[in-house]
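The residues making up each chain are set out below.
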Amino acid sequence: MAKNLVIVESPAKAKTIEKILGTDFEVKSCFGHIRDLEKDDMGIDIENNFKPKYVIPEDKEKIVKDLKKLAKDTEEVWLATDEDREGEAISWHLCEVLGLDPKSTKRIVFHEITKPAIENAVQHPRKLDMDRVNAQQARRILDRIVGFELSPVLWRKMSMRNSLSAGRVQSVAVRLIVEREREINTFTAVSTFKVEAWFTGKDINGKSISFKAEGPNKFKTAEDAEKFLQQCVGAAYTVKDIQVKPGKKSPAAPFTTSTLQQEASRKLGYSVSKTMLLAQKLYESGNITYMRTDSVNLSDTAVAEIEKAIKKSYGDRYHQHRKFKNKNESAQEAHEAIRPTYMENATVDDSDTRRLYELIWKRTIASQMSDAELEKTIAKIGISTNPEELTASGEVLKFDGFLKVYLEGQDDEDVNEDETQEGSLPPLSVKQSLDLREMKATERFSRPAPRYTEASLVKKLEELGIGRPSTYAPTITTIQKRNYVEKRDKEGIKRDYRILLLKNDKISKQTEAENTGAEKSKLFPTDLGMIVTDFLNQYFNSVMDYGFTAKIEGEFDEIASGKKVWNKMLKEFYSPFHKDVENTLENAERVKGERPLGTDAATGKPIVARMGRYGPMIQIGSVEDEEKPRFAKLKATQSIETISLDEAMELFKLPRTIGQFEDSDVVINIGRFGPYAQHDKKFYSLKKEMDPYTVELDEIAPLIVEKRTAKDERTIKVFEKEKIQVLKGPYGPYIKQGLKNYKIPKEKIDSAADLTVEEAKAIIEEAKANPPKKKAAARKKKAE
C-alpha cells in the first residue's frame, strides 16, 4: 500500500499523474462528481437557509466504498481535482464522504500535467477554498430551484407534453436563437446596384494584367445605375491620385475555452462538445494546459519556450514578445490560456486529437510572433465624362510575420458583404491613362443577420457575460436534447439578379441566377422552443433577461472571491422568483401554441397550425365537431410561425396511394417516426433523401424488396398472435415485442431457434420485472 493517496476526477488523468509521482503515491479516480442533490423536495431545505441535501448516486456507491477503504489504509490523502469551482466542489464532497478534514487535507492544483508542474504542486499544497466551493454550490442550488419550479409551470400551462423543462442559462440561450430566427423571418431584402470596372495595365515586366476598381457608391435603382453607366459612355480614364499606406496585422491572443470552441468550429468543423472532449483528452495525457479557462495569460516559462521555438524555426525577426490582457475582468477560472505543455512538440501521435492539438500549437506560437507588414495602395481613377471617381485598391504583403503560421478565422456575422478580397495592382502613376475592358452594375441584395452556429452562440453568450467556460458545452448540448433547438442545414433558393454591362461603349442588360440563403450546421429554434420562450418571456421576464442572467454570474464570482454570502444571494433571488411562480400557476392561461391559418374551402372548418403531442401539425376542424378533425404533420423545414395556408393544405395530400406492387397498394404517409411506405400490411421507413410528397413507385418498390430481404435474413422465429419475434442482431439473437427488445439469457442463446412462445413470454416478463440498473434509474428520474 502506497503512503499517499491522490484523488483526481478521471482515470486517464490518474494514469498520467501516477507515472510522474512514483511508488510512494497511488493515484485513483473518483470518476467526476460523487454526490448530487436529492431528487425529493428539490434536494434543498429552503426554509433552513437553502441547506442542500446530498446523496451518493447508485452508480457511484462502489467507487465511494473503494475510496473509503483506500483512504483509511493510507497515511495521507491528497485532493488533486481541477482548480475551477467545479473541481473545488468535488474535492469538498470527497472530504465530506471520506471523513477528511477540509482544514487540514492537502489540496494540490496545477494547470498542466507535466513533471515540473505536478512536483511543484506537491511541494506547495494548499487548503480547500470554501469560497469557491460555495460559489459552485450556489450555482447548482439556484439552477436546481429554477428547473424544479419552472418545469411544473410548463407542464400545467402548456398542453404539449409533460417532458418540458426550463433552465436558467439554457432558456436564455434558446431566447437568443429564437430572436435571431424572428429577425430573419421578418427581414425584407433591399436591392442595390454596385458598380465595378475592370482595367488593364502593364506590370513591371511590361505584361498586361487586369485589375478592378469600384464605383463611388451603391445605386438604389436600376435606373440610377444605368444613368451612371450612360455618363461613362465614350469616357477616358486617368489615374488622378495614388496613396500608398503602410499597414500591419497583429496575431490573436492564445486560446481560451470559448475562442478554442469558435476556431475549432470554423477551421475543423467540430461541435462544441467534440472540441471539449478532445481537449480534455489532450489535457489528461499531458499535452496541453487546462482546457476550461477564460484567461489569455501565458506563464513566463511558456513565453520563453515559445520564443526559443520561434527563433529556432523562423529566425529572430519573426519573434515579438506580447502580453495579452483579458477583456473579461472576471476571468479567474484558471491562470493561463490553453497552450501546449511542450512547445517543441508541433504535433501529437494520437490521430483523434492531432488536428486540435496542431491548431492550439499554431495559435500559441503565432501569439508571440511579429506583426505582418502590409502596403496598401489606393488609386483614384477619374472619368472624363462623369464628375464621380472610381477607386482601385490593392494590398502587398511586405513581411508575413505571424501569417507564416496562422490566421484567425471569421464567423458569418463578422464578414462584411461589401468587403472584397484585395489583389495586387500594377505599377500606376498619376495622370496615367487606363484602358477600360468593361464596367458592370450588378444587383446585390441585403442580408439578415446569420443564424447562430454552436461556436458563434458561445461567442454571444460570452459577450453578454452569460455562463462560464465550464457551462458553454453542456448548455448547447442540453437545448438540443430538450428539442428546443436543432442543428441542421438549410438549402438555398434560386434568385434572379440583374446586371447592366457597359462594354465597347454599349450598354446591355442581362439577368443571371444565384443560389442564396444556404446554411450549414446552423441552430434553428423548434416550434416548441419558440412557444416555451414566449411563455417564459411573458411570465418570467427577469429570469429570461440577459442583463439579469449576467448579474447572477457576477454574484457567483463575488461569492468565489469571498465578497458575498452564498445563501444570502440565493434568498435575494428566490423570494421574487417564487412569487412569480405562484402568480403564474394561479393566473396564467394555458398556452395552446396555435396559429389560425384560415378556413377549409371544402368544409368551411377552421385550419390551425399548432403543437401536438408528437410535434407541430396542421389541424382542420375542432374536437367539438361531430366529425373527427384531420391532422397533418409539418415538414422538418416548416414552422407554425411561418407556414402559409397553401403550404398547410399541401400537407393533406398524404396519405398518397402511388400504385400497386405485387397486387397490393403502396401508400405513402408520415407517422410518429417519420415518412413510411405501407404495403401488404407492413411498414417500411423511407430513406432520408425520399420526399413523401413526390416519391414514386419505381423508387419505393426496390426499397420494399431490400428491407423485406434484410428482415427475412434477420428473422429466426415469429409468434404472430403474440406479436413476438426472435431476431438476429449484431451482438447475437434477441426477442422483440412491439417496439421493445429483450435480451436472451446466455444459456438459451445457442437454442434461440427452439424457443417456445411460453419461454419467450417468460424472458419478457423477467426482463420487465428486473430492468437493468441504468434503465431503472433513468425511468425513476423521468418519473420524478
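Quick notes on the rules
- Residues numbered from 1 in each chain as written.
- Predicted model: local features only at pLDDT ≥ 70, side-chain atom pairs only at ≥ 80, totals over all residues.
- Heavy atoms only, no water.
- Helix = DSSP H or I, 4+ residues; strand = E, 2+ residues; numbered from the N terminus.
- Buried < 20%, exposed > 50% of the residue type's maximum accessible area, 1.4 Å probe, protein only.
- Contact = heavy atoms within 4.5 Å.
- Areas by Shrake-Rupley, 256 points an atom, 1.4 Å probe, with all protein chains shown as cover.
- Lys, Arg positive; Asp, Glu negative; His and termini not counted.
- Charge placed at Lys NZ, Arg CZ, Asp CG, Glu CD.
- pLDDT = per-residue confidence, 0-100.
- Axes fitted to C-alpha atoms, helices over the stretch in contact; angles between N-to-C directions.
- Parallel < 35°, antiparallel > 145°, perpendicular 65-115°, else oblique.
- Phe/Tyr/Trp six-rings, centres within 6.5 Å; stacked < 30°, edge-to-face > 60°.
- Lys NZ or Arg CZ within 6 Å of the ring centre and 35° of its normal.
- Pairing = 2+ DSSP bridges.
- Core = buried A, V, L, I, M, F, W, Y, C linked by side-chain atoms within 4.5 Å.
- Salt bridge = Lys/Arg side-chain N within 4 Å of Asp/Glu carboxyl O.
- Disulfide = S-S within 2.5 Å.
- Left-handed = near helix turned anticlockwise from the far one by under 90°.
- Nonpolar A, V, L, I, M, F, W, Y, C, P; charged D, E, K, R; others polar.

### Some remarks on the overall build of the protein
The helix and strand inventory of the protein stands at 22 helices and 30 strands. By principal-axis analysis of the C-alpha atoms, the protein measures approximately 95 × 80 × 60 Å. Put simply, the protein has 784 residues, and 46% of those count as buried. A separation of at least 24 residues holds for 69% of the contacts in the protein among residues at least 6 apart in sequence. A total accessible area of about 41400 Å² is found for the protein, and carbon and sulfur atoms account for 48% of it. Within the protein, the 129 negative side-chain charges are centred at a point lying 1 Å from the centre of the 133 positive side-chain charges.

### With respect to the confidence of the model for the protein
Chain-level pLDDT for the protein is 90 on average; 95% of the residues reach the 70-or-more range. Per-element confidence in the protein is highest for helix α11 (residues 354–366), whose mean pLDDT is 97, and lowest for helix α22 (residues 773–783), whose mean pLDDT is 51.

### As for the packing of helix α9 (residues 272–284) against α11
Helix-helix packing is characterised by the crossing angle of the two axes and by the distance between the axes. Axis separation between α9 and α11 bottoms out at 10 Å; the angle between their running directions is 80 degrees. One way to sum up the angle between α9 and α11 is to call them roughly perpendicular. Touching Thr 275, Leu 278, Ala 279 and Leu 282 of α9 are Leu 356, Tyr 357 and Ile 360, all from α11.

### Some points on the packing of aromatic side chains
Scanning the entire structure with this criterion turns up 14 aromatic pairs. A network of ring pairs unites the aromatic residues Phe 540, Phe 548, Phe 573 and Phe 577 as a single cluster. Sitting over the ring of Tyr 452, Arg 180 keeps its end group 4.3 Å from the ring centre.

### Observations regarding the sheet that holds strand β24 (residues 664–671)
Within the open sheet, the four strands sit side by side as β23-β24-β25-β26. Their pairing is antiparallel. A single partner strand is all that each edge strand has here, and the edge strands are β23 (656–661) and β26 (682–685). Here the strands of the sheet are splayed against their neighbours by 30 degrees on average, with no regard to which way each runs. Judged from the five bridges that link them, β23 and β24 form a sheet pairing that is antiparallel. Looking at the pairing, Phe 661 lines up with Ser 664 of β24. Packed on one face of the sheet, helix α19 (residues 697–714) meets β23, β24, β25 (674–679) and β26 and runs near 65 degrees to β23.

### What about the nonpolar core?
Phe 110, Leu 356, Ile 618 and Ile 700 are the most contacted members of the largest nonpolar core, which has 160 residues in total. Among the elements that take part in this core, helix α5 (residues 130–157) stands out by supplying ten residues, more than any other. Counting 27 residues, the second-largest nonpolar core is a separate cluster that includes Ala 235, Val 239, Leu 390 and Leu 502.

### Structural notes on the pattern of salt bridges
Scanning all chains against the criterion turns up 55 salt bridges. A salt bridge links Arg 132 to Asp 129; its shortest N-O distance comes to 3.8 Å. For Arg 132, a relative accessible area of 15% puts it in the buried group. Residues Arg 317 and Glu 373 are paired through a salt bridge, measuring 3.6 Å at the closest nitrogen-oxygen approach. Linking Arg 317 in the loop between α10 (300–314) and α11 with Glu 373 in strand β12 (residues 372–383), this pair joins segments that are 56 residues apart in sequence. Since its relative accessible area comes to 53%, Arg 317 is described here as exposed. Looking at Glu 373, the relative accessible area reads 35%, which means it is partly exposed. One continuous salt-bridge network, built from bridges that share partners, spans Glu 9, Lys 13, Asp 82 and Arg 292.

### Re the state of the cysteines
Under the counting rule described, the total for this entry stands at zero disulfides. Cys 95 carries a free sulfur, and the closest cysteine sulfur to it, the one in Cys 30, is 12 Å from it. Judged by its relative accessible area of 2%, Cys 95 is buried.

### Things to note about the packing of helix α6 (residues 168–186) against helix α14 (residues 527–539)
Running from N to C, α6 and α14 point in directions that differ by 110 degrees, and their axes come no closer than 9 Å. Classified by the interaxial angle, the pair formed by α6 and α14 is roughly perpendicular. With respect to the hand of their crossing, α6 and α14 are arranged in left-handed fashion. Listed contacts from α14 to Ser 171, Val 174, Arg 175, Val 178, Glu 181 and Arg 182 of α6 are Gly 529, Met 530, Thr 533, Asp 534, Leu 536 and Asn 537. Its residues placed into classes, the contact of α6 with α14 shows four nonpolar, four polar and four charged.

### Digging into the environment of Phe 193
Within the secondary structure, Phe 193 sits in strand β9 (residues 191–202). By relative accessible area, which is 1% here, Phe 193 ends up buried. Counting along the chain gives 383 residues from Phe 193 to Pro 576, while the straight-line C-alpha distance between them is 54 Å. Leave out the neighbours within four places in its chain, and Phe 193 touches Asn 217, Lys 218, Phe 219, Thr 221, Ala 222, Ala 225, Ala 441, Thr 442, Glu 443 and Arg 498.

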